[in-house]
Each structure stands twice: as C-alpha cells, then as structure tokens.
Amino acid sequence: MTLHDVPWPTEEEHKQGLVSWLNAMPGPVWLTLPGKDVNRHRVVVTLLHGNEQSGVEAFWHFVQNPPVCAVTVHFCIVNIEASLHGAPFTTRHLEHKPDMNRCFGKTGSDPSYALAAELLARINALKPEAVVDIHNTSGTSPAFAVSINDDEKHQQIASLFTERMLCTSVRLGALMEQTSDASPMVTVECGGVKDHNSVEVAKNGLHHFMSAEDLFFNHTGFWPVERLYHPVRVQLKPDLSLCYHDRFVEESDLTLPPDIDRHNFGWMAADSQIGWLGTKGLDAMTTNDGEGKYPISALFYEQDGELRLKHPAKLFMITTKHAIALSDCLFYMVVD
Ligand SMILES: [Zn+2]
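Residues numbered from 1 in each chain as written. Predicted model: local features only at pLDDT ≥ 70, side-chain atom pairs only at ≥ 80, totals over all residues. Heavy atoms only, no water.

The backbone of L47 shows a phi angle near 60°, a positive value even though the residue is not glycine. Following the sequence through the fold, L47 ends up in the loop between β3 (37–46) and α3 (54–64). On the basis of relative accessible area, L47 is assigned to the buried category, the value being 0%. Not every positive phi belongs to a glycine, and D271 is a case in point at roughly 75°. With respect to the secondary-structure elements, D271 resides in the loop between β13 (267–268) and β14 (273–277). (Helix = DSSP H or I, 4+ residues; strand = E, 2+ residues; numbered from the N terminus. Buried < 20%, exposed > 50% of the residue type's maximum accessible area, 1.4 Å probe, protein only.)

This part takes up the coordination of the zinc ion. Around the zinc ion, the protein contributes the donor atoms H49 (ND1), E52 (OE), E52 (OE) and H135 (ND1), at 2.0 to 2.7 Å from the metal centre. Written as a sequence motif, the donor arrangement for the zinc ion is H-x2-E-x82-H. An identical accessibility class is assigned to H49 and E52; each is buried. (Donors = N, O, S within 2.8 Å, 3.2 Å for Na, K, Ca; no water.)

Read across the open sheet, the 5 strands follow the order β13-β18-β19-β10-β15; overall the sheet is antiparallel. A strand with exactly one partner marks an edge of an open sheet, and here the two such strands are β13 and β15 (285–288). Relative to strand β19 (residues 331–335), strand β18 (residues 313–316) is paired through 4 bridges, and the arrangement is antiparallel. By the bridge assignment for β19, A313 is matched with V335. (Pairing = 2+ DSSP bridges.)

Taking strand neighbours across the sheet as the criterion, the 5 strands line up as β11-β12-β14-β17-β16 in an open arrangement whose pairing is mixed. Unpaired on one side and paired on the other, β11 (242–244) and β16 (300–303) mark the two borders of the sheet. Strand after strand, the sheet turns through a mean of 30° between neighbouring axes, direction not considered. Summarising the sheet, β11 and strand β12 (residues 254–256) pair through 3 bridges and their orientation is parallel. (Axes fitted to C-alpha atoms, helices over the stretch in contact; angles between N-to-C directions.)

Quick look at the packing of α3 against helix α7 (residues 198–211) now. In contact at an axis separation of 8 Å, α3 and α7 are set at 55° when each is read in the N-to-C sense. Accordingly, the angle class assigned to the pair α3 and α7 is oblique. Crossing handedness for the pair α3 and α7: right-handed. Of the residues in α7, those in contact with S54, G55, E57, A58, F59, H61 and F62 of α3 are S198, V199, A202, K203, L206, H207 and M210. Class assignment for the residues of the contact of α3 with α7 results in 7 nonpolar, 5 polar and 2 charged. (Parallel < 35°, antiparallel > 145°, perpendicular 65-115°, else oblique. Left-handed = near helix turned anticlockwise from the far one by under 90°. Contact = heavy atoms within 4.5 Å. Nonpolar A, V, L, I, M, F, W, Y, C, P; charged D, E, K, R; others polar.)

We now examine α7. Relative to the 20 Å expected for 14 residues at 1.5 Å per residue, α7 spans 20 Å between its end C-alpha atoms, a close match to the ideal helical length. In this structure, the buried residues of α7 make contact with β2 (29–33), β3, α3, β4 (71–77), β5 (130–137) and β8 (185–192). (Expected span 1.5 Å × (residues − 1).)

Attention now moves to the pairing of β18. Side chains A313 and L315 project from β18 onto one buried face, and the interleaved K314 and F316 project onto a second face that is buried too. Two elements, β13 and β18, share 2 bridges in a ladder whose sense is antiparallel. Bridge pairing in β18 places M268 opposite A313.

A few words now on the packing of aromatic side chains. Tallied over the entire structure, the rule returns 11 aromatic pairs. Consider the rings of F144 and F316, whose centres lie 6.1 Å apart with planes at 65°: the pair is edge-to-face. Of this pair, F144 sits in strand β6 (residues 144–147) while F316 sits in strand β18, and the two are 172 residues apart along the sequence. A relative accessible area of 0% places F144 in the buried class. Look at F300 and F331: their rings are 6.4 Å apart centre to centre, the planes differ by 65°, and that puts the pair in the edge-to-face class. Linking F300 in strand β16 with F331 in strand β19, this pair joins segments that are 31 residues apart in sequence. Accessibility classification places F300 together with F331 in one group, the buried group. Three or more aromatic residues link up through ring pairs in this structure, and these residues are W8, W21, F59, W60 and F75. (Phe/Tyr/Trp six-rings, centres within 6.5 Å; stacked < 30°, edge-to-face > 60°.)

Turning our attention to helix α6 (residues 152–159). In terms of burial, α6 is a largely internal element, 6 of the 8 residues being buried. Turning to α6, its buried residues number three or more, namely H154, Q155, Q156, I157, A158 and S159. Packing partners of the buried residues in α6 comprise β5, β6, β7 (164–167), β8 and β9 (226–229). Its side-chain oxygen at 3.3 Å from the backbone nitrogen of K153, D151 defines the N-terminal cap of α6. (Polar contact = N/O pair within 3.5 Å; in protein donor to acceptor, adjacent residues only side chain to side chain.)

As structure tokens, then:
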C-alpha cells in the first residue's frame, strides 16, 4: 500500500458520485489544490477510519466549487479500501488489518505501518502550517477536537471546527500525536455519522481552513475553545462480555443502557448510574489516562450490582456499537 497522487475529480466524475470515484481510486490517495500562495501548505487527512465519512463528504462538496485557497491545500484520503468493504462506509478497518489511526509512530509487519510512515514523511517534507485529521465519533455526539498540545495554535485550528478541545496524554499511535510547533496537527471529531450536523461541521471548518489567509490571526471562524484535560479511556478487560440493555443482563460482565450515548459531553453528577456489573464487579473494567493517575476504583464504585460515578464527570466518545466498544473503548471521561 502506498499513497497515490491523483488529479482533482472532473465534473464527469463528480456527477457519478463519491462512491463511484472512490471505487476508481488505486488505493490511498493524495490530491493537491494550489492556493494563492503556493509556497505555503495545509494538509487535510480523512477516512483513516473507513466508516467515518463526514470528512470525505465535505471534500466531495468542495470538489465542484472549491473556495479560493489562501495556500496550497492537500487532501489525503486514506482507508478507501475499508470504506468500500461491504456496504460503503460501514467498516472502520478490515478485520485482518490494524486500525490505521493506531499506526503512526509505530512499526509493524502490516503495510499499514509503512503507509502511516509514508504519510508522515510527506507531511514533514511539506512543512504545512496546519494539519487536520477529520473523523466521526461512533455514537451520537457534538463535535470536538483532540490534541496532545493545548497551546494557542492547536486551539485556533480546533476553533475552525468546534468550540471543544480534549487535551490528551493517552498515546495510541494516532496521527495527531505526531504534532510539532512547525506543523501543528489536530484531530477533529465531527460528531456521529448519523448526526445531521456532522458534515456541516466538516464543511464549515474546511472552508475556513482552506480560505483563511492566516489561521492563527484574526480569522472569522474563531470560537473560544473549551478545553478538557486528562481524558481517561475506559475499557472492558479482554475477553469479557458486554451487553447493551436497559436492565442487567445475566452472565454479562458489564451491561450498559442502549442510549448511553445521549450523555456525550453532558455533566453527570456524582453517584449517577452508568450501568450494571456482573460477578467480577469493577475488576471487569480498566482505564488508561496515559499517566496512571485514574485507576478504575478512583472513578467508579459498585453498589448492589450497579456501576456508579464517584465524582461529577463528563463522558464522551461513548459508543453503543458492541464491536467498537470491545476493540477500541467503551467511552472516555473527564472528572470535575
Ligand atoms: Zn476515527
């Protein structure tokens, strides 16, 4: 697998539609849209996850009428192979392949790691003034950005798309972990694929990202950004069983309500019930905050089989997709 430089889609290709164009692509692709200043660059990465199409849909929107770009803008559309597996945009990554957004800064025998390295090398060679990586959450959610750096530059990139930014210490092998002062990188989660607003978030943000003369000074897309620190990733331990149901399911190690994602980004009070635990109790779950500060017992307690919050907290990236909850995580949280 390698990045292919391809031309901007033609009017004829645009008429045939996005999926048809993706089908004609030789693999992961790179497109370049020259701007007024051809010596400056910005990079948009999207579709690292094949089931998160808001970014590529926003790209497709701009194919016909791209705004006047202030600088040269590059689009990298990555996991087309997964996105076309089965029904379009239903597969995060192929079963025998690693998750593409866990391959950056890592090595492995799968060609996905080499592709991640190639993408990074391209970015580093261009020295873009900003990089955004556009995703969707797996459950319904408001939009938010994720960054490992909370400085002004990263906030300003985030503010083009959303008013919320998670500042994380968790290292997973995501692209934005490769950020630098010269080329700040931010992940944008546009909200769930089914959320009506998600494509609009991507389109509005990209419009500013492409057209603003100076991303870091006086641009019209600026919103003050709420920063959330130290998100904790909450997972079920390997090989345990998870159910989504509105009451405890016998034999399951954790039962979560099927509409738990309605809590995305809402403050929940201490003692709020999150779900139901099985015979292993709290020991069924584990956390990762990148620093080891929040073991599971610091965040939750069990009472009569119910899983409850110890402190007021915000939960987000809550998924109700069983496979993603098990392979990735149940949700993230920040504690007040
Ligand atoms: Zn994603």
